[in-house]
Amino acid sequence: MKKYWHNCHIATMQNGRYSIIENAALITEAQQIQWIGTAADAMTQLDLSTAETIDLDGAWLTPGLIDCHTHSVFAGNRSIEFEQRLQGLSYAEIAAQGGGIMSTVRATRQASESELLLSARQRIEQLRLEGVTTIEIKSGYGLDYLSERKMLRVIRQLAVELPLTVKSTCLAAHALPPEFVGRSDEYIDYICTEMLPKLHAEQLVDVVDAFCEHLAFQPEQVERLFQAAHALGLPVKLHAEQLSALGGSSLAARYRALSADHLEYMTEADVQAMAQSGTVAVLLPGAFYLLREKQYPPLESLKRHGVAIAISTDLNPGTSPVLSLRLVMNMGCTLFELTPEQALAGVTLHAAKALGIETQYGSLEVGKKADFVAWKIQHPAEISYWLGGDLSKRIIRHGQEVLF
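Residues numbered from 1 in each chain as written. Predicted model: local features only at pLDDT ≥ 70, side-chain atom pairs only at ≥ 80, totals over all residues. Heavy atoms only, no water.

Under an unreviewed UniProt entry, the name given to the protein chain is Imidazolonepropionase, and the organism recorded is Acinetobacter rudis CIP 110305. Turning to the protein chain, the UniProt annotation filed under Catalytic activity (unreviewed entry) states: "4-imidazolone-5-propanoate + H2O = N-formimidoyl-L-glutamate". Quoted verbatim from the Sequence similarities (unreviewed entry) heading of the UniProt record, the comment on the protein chain is "Belongs to the metallo-dependent hydrolases superfamily. HutI family." (UniProt positions renumbered as here; feature names shortened; annotations may be inferred.)

A.B. asks: What am I meant to see in empty space enclosed by the protein here?
C.D. replies: Here the idea is plain: a probe the size of a water molecule rolls over the atoms and shows the empty space left. By the definition in use, this model includes 1 cavity of 30 Å³ or more. Here the largest cavity defines a volume of roughly 40 Å³. The wall of the largest cavity is formed by Pro63, Gly64, Ile66, Thr133, Thr134, Tyr361, Gly362 and Asp371. Of the residues in the lining of the largest cavity, the class split is 3 nonpolar, 4 polar and 1 charged. (1 Å grid on protein atoms, 1.4 Å probe; cavity = no way out; pocket = protein on both sides within 12 Å on 5 of 7 lines; lining within 4 Å. Points joined across faces, edges and corners; volume = space filled by probe spheres on them. Nonpolar A, V, L, I, M, F, W, Y, C, P; charged D, E, K, R; others polar.)

A.B. asks: Is there a simple way to think about the UniProt feature "binding site: N-formimidoyl-L-glutamate" (unreviewed entry) in the protein chain in this case?
C.D. replies: Per the UniProt record, the feature "binding site: N-formimidoyl-L-glutamate" (unreviewed entry) sits at Tyr141, Asn316 and Gly318. Considering the C-alpha atoms alone, the annotated residues occupy 178 residues of sequence yet fold into one spot, their largest mutual distance being 11.5 Å. Residues from the named set that contribute to the lining of the largest pocket are Tyr141, Asn316 and Gly318. Secondary-structure assignment places Asn316 in the loop between strand S12 (309-311) and helix H13 (325-334). Not counting the four nearest positions on each side in its chain, Asn316 is found in contact with His71, Phe74, Tyr141 and Pro321. Engagement of the side chain of Asn316 in a polar contact is seen with the backbone nitrogen of Gly318, the distance being 2.8 Å. With respect to the helices and strands, Gly318 occurs in the loop between S12 and H13. When neighbours within four sequence positions are excluded, Gly318 is seen to be in contact with Arg78, Arg85 and Leu290. (Helix = DSSP H or I, 4+ residues; strand = E, 2+ residues; numbered from the N terminus. Contact = heavy atoms within 4.5 Å. Polar contact = N/O pair within 3.5 Å; in protein donor to acceptor, adjacent residues only side chain to side chain.)

A.B. asks: How should I be thinking about the layout of surface pockets in this particular structure?
C.D. replies: Estimated volume of the largest pocket: approximately 860 Å³. Taken together, 33 residues line the largest pocket, and the ones lying closest to its centre are Tyr91, Ile101, Phe211, Leu215 and Leu243. When contributions to the lining of the largest pocket are tallied by element, the ones reaching two or more residues are helix H3 (91-96) and helix H4 (101-110). Here the residues of the lining of the largest pocket sort into 15 nonpolar, 13 polar and 5 charged.

A.B. asks: I keep staring at the side chain of Lys369 and nothing clicks. Help me out?
C.D. replies: Inspection of the secondary structure puts Lys369 in the loop between helix H15 (349-354) and strand S13 (372-375). Summary of buried charges: Lys369 has no salt-bridge partner, and the nearest side chain of opposite charge, Asp371, is 7.7 Å away. In this structure, Lys369 is in contact with Gln31, Gln32, Ile33, Gln360, Tyr361 and His398, ignoring residues within four places of it in sequence. (Buried < 20%, exposed > 50% of the residue type's maximum accessible area, 1.4 Å probe, protein only. Lys, Arg positive; Asp, Glu negative; His and termini not counted. Salt bridge = Lys/Arg side-chain N within 4 Å of Asp/Glu carboxyl O.)

A.B. asks: Help me understand the UniProt feature "binding site: Fe(3+)" (unreviewed entry) in the protein chain, please; the structure alone is not making it clear to me.
C.D. replies: Mapped onto the present numbering, the UniProt feature "binding site: Fe(3+)" (unreviewed entry) falls at His69, His71, His239 and Asp314. Spanning 246 residues, the named residues nonetheless gather at one spot, since no C-alpha pair among them exceeds 12.3 Å. The annotated residues named above include His71, His239 and Asp314 as those lining the largest pocket. Looking at where His69 falls in the secondary structure, it is placed in the loop between strand S5 (65-67) and helix H2 (79-86). Here His69 falls in the buried class, since its relative accessible area comes to 0%. Look past the residues within four positions of His69 in its chain and what remains in contact with it is Glu136, Lys138, His239, Asp261, Val282, Leu284, Ser312, Thr313, Asp314 and Leu315. In this fold, His71 is placed in the loop between S5 and H2.

See below:
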């Protein structure tokens, strides 16, 4: 049914800017935006006699928020490790005691699909309450075929059960599993020749990711994975330059990756390569904050070269147990010197581009999906400004208001 949404102001986020329309109106039909403009033009130019009329009481409309980098499906948590780090233990010492990512792998392997689904839903509900209408979720805590398949099946089920657009990313190359200790090349071969083709055949994978780092996988190994992904017609993205400069972001750019993420140690050459390829820089201030990092991403260089910058929660049990995308928007402003406008672009249009869905999501334009949030605020900057709390809002996904 056609719906006429009026008595509002709109930050369309076209071209990554507020692109404000004051005293605005919006017409949706089925799942799409059919018209957008001023209320005055709507009244004089359109036949609204058959449309359902919805008064938004002066709200500000933005695109639905997009969390473009999460590890939301996992079992257990690592709060004890958080305490240990604050007491002075290093990541290596914690891992030597059986902690670190392998503790999450063990818990995730042991958990059932229903247990993973329940715990993930509880975490994702916190994001939905804030206005998130699209989320990316990675595997990577299974590290064998059956466990990775289990995680990816849960991700697909979340898309069925929740009013969210959910993108599924295979991150089997997240860490070296205990079965392959000392045999990282063999594990990459296993992913490329056995695991990934099977998971792709089951239509469980939208994107392929890897962790390119000295404690994970080397660029030449990641390149083999990228080649296998492209042979299957799958786009790629990459965890790169979080702890050291290995040129992973330049590698991602060569393979036209949707995004390279983290990027604290990327070089000027990496930035230039990403600018030329159109690869999105996804910054993850939650992990930067929790790990008390000192090395900042090259923010001025990214901006100078026109690289699209997205931000995300990086929701995961070890380094970013962040349940608030709005908090991350504030961190993007306070830690990484983004403006509130840039932060909002980072969780709308640029986040959509980081998932390869910018033709349908990320800005309010005719022909795109009718995903938007009606915020009871005085200006869009407030979305990044307020720390904590629940801003009054109405959430619309695919033209239908989402009720909680």
